[in-house]
Amino acid sequence: MESARPRLLIVGAGGHARVVADAAEECGAWSSIGFLDDRFPELRASGPWTVVGALAQLDVLATAHDELVVAIGDAKARMRIIEQLVTQGRRLATIVHPRATVSRHAVVGAGTMILAGACINPGARLGRGVIVNTGATIDHDCDLGQGVHIAPGAHLSGDVRVGENTWIGVGSCVRQGITIGDHVMIGAGAAVVSDIPSQSTAVGVPARVRP
Ligand SMILES: CC(C)(COP(=O)(O)OP(=O)(O)OC[C@H]1O[C@@H](n2cnc3c(N)ncnc32)[C@H](O)[C@@H]1OP(=O)(O)O)[C@@H](O)C(=O)NCCC(=O)NCCS
C-alpha cells in the first residue's frame, strides 16, 4: 500500500520549506518528502528531511516525483518556478495542515500552502501558489490573487481583495471590503482601513503608504 501514496518534492529548503514539509508529513498523504535547493550538494539535509538535488536538476527530479510544491518565500521566485512547472504539466500539491480549517465552500488554488491553525472561511478564493501562514485567518468571500503571502497571525475580514504577489505582514489586520493591489508589502502589525495601491509599501496603525 505504501507505493500507492505519491512522492512529494518541495522546492526550497529554508525555514518556510521546513514548515511546509512538517505540514505535509502531518497530512500523511505522501510516501516520501524531499527538498530541492541550490545549496546542494553542500546542503544534504534541512531539519529531518533530505535535500535530494539542486534547482538545475528540477526537470529530472520532478519526473522522479509525483507532486511538487514550491516553498520559497519570495513571491516572484516562487511564481516563476510554479509557472515553469505548470507549463510542463507537472502536478502541483496543495498542502493543508490537518489542523488548519478550510471551508468546503472555499476555493484553493494548486500549489497553495495553508499552515497550522489557519482558517479559511466560506466563499474565499485563493489563487495558485498562495501561502496562508501559521494562525492567519481569511474570512468569508475574500479573493487572494496568485502568489499572495498572508504572514503568521495576520487577519483578513470579509470581502477583502488582495492582488497577486502581495505580502500581508505578520500580525497585521485588514478591514472588511478593502482592496489591496498587486505587489504590495503590508508591514508587520499594520491595520489596513483603506484601499492600498499596487506596487506600494504600507505600514502603521492606520496603515499609510510609505513615500
Ligand atoms: C514594512 C517592512 C517591509 C519595511 O522593511 P524595510 O524597508 O527594511 O524598512 P526598515 O526596517 O529599514 O525601516 C524603515 C522605517 O520604517 C519603519 N518600519 C519598518 N517596518 C515597520 C512596520 N511594520 N510598522 C511601522 N513602521 C515600520 C522603521 O521603524 C523605520 O523607521 P525610521 O526610518 O523612522 O527609523 C518590514 O519592516 C516589515 O514589516 N516586514 C514584514 C515582515 C513579516 O511579515 N514577516 C513575516 C515572515 S513569515
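Above this note sits the structure.
Computed from a prediction, not measured in an experiment: that's the story for all the values here. (Residues numbered from 1 in each chain as written. Predicted model: local features only at pLDDT ≥ 70, side-chain atom pairs only at ≥ 80, totals over all residues. Heavy atoms only, no water.)

*Asks:* Explain the overall build of the chain to me, please; I cannot follow it from the model alone.
*Replies:* The helix and strand inventory of the chain stands at 3 helices and 24 strands. Here the C-alpha radius of gyration of the chain, 17 Å, is about what a compact globule of 211 residues would show, namely 17 Å. Structurally, the chain occupies a C-alpha span of about 50 × 35 × 30 Å along its principal axes. In the chain, which comprises 211 residues, the proportion classed as buried is 47%. For the chain, restricting intrachain contacts to residue pairs at least 6 apart in sequence, the fraction spanning at least 24 positions comes to 27%. Summing over all exposed atoms, the chain offers an accessible surface of approximately 9300 Å²; the carbon and sulfur share of this is 53%. Looking at the chain, you have 18 positive and 19 negative side-chain charges, and the mean spots of the two groups are 2 Å apart. (Helix = DSSP H or I, 4+ residues; strand = E, 2+ residues; numbered from the N terminus. Rg over C-alpha atoms; globule rule 2.2 N^0.38 Å. Buried < 20%, exposed > 50% of the residue type's maximum accessible area, 1.4 Å probe, protein only. Contact = heavy atoms within 4.5 Å. Areas by Shrake-Rupley, 256 points an atom, 1.4 Å probe, with all protein chains shown as cover. Lys, Arg positive; Asp, Glu negative; His and termini not counted. Charge placed at Lys NZ, Arg CZ, Asp CG, Glu CD.)

*Asks:* Looking at this structure, I do not really get the sheet that holds strand β9 (residues 113-114). What am I missing?
*Replies:* Two orientations exist for strands paired in a sheet by backbone hydrogen bonds: parallel and antiparallel. Strand order in the open sheet made by the 8 strands is β6-β9-β12-β15-β18-β21-β23-β24, with mixed pairing throughout. Among the strands making up the open sheet, the edge pair consists of β6 (95-96) and β24 (208-209). Inspection of the sheet shows strand β15 (residues 149-150) paired to strand β18 (residues 167-168) by 2 bridges, in the parallel sense. Across the sheet, His-149 pairs through a bridge with Trp-167, a residue of β18. (Pairing = 2+ DSSP bridges.)

*Asks:* Explain the site of the ligand here, please?
*Replies:* Taken together, the neighbourhood of the ligand is formed by His-149, Ala-151, Pro-152, Trp-167, Gly-169, Val-170, Met-185, Gly-187, Ala-188, Val-203 and Arg-210. Taking Val-170, its main chain carries an N or O atom lying 2.8 Å from an oxygen atom of the ligand. Contact distances for the ligand include 3.0 Å between an oxygen atom and a side-chain N or O atom of Arg-210. Contact with the protein chains removes 40% of the 910 Å² of surface that the ligand exposes when unbound. For the shell around the ligand, the class distribution of residues is 7 nonpolar, 3 polar and 1 charged. (Near = heavy atom within 4 Å. Polar contact = N/O pair within 3.5 Å; in protein donor to acceptor, adjacent residues only side chain to side chain. Nonpolar A, V, L, I, M, F, W, Y, C, P; charged D, E, K, R; others polar.)

Bear in mind that shape data such as this cannot, by itself, settle questions of function.
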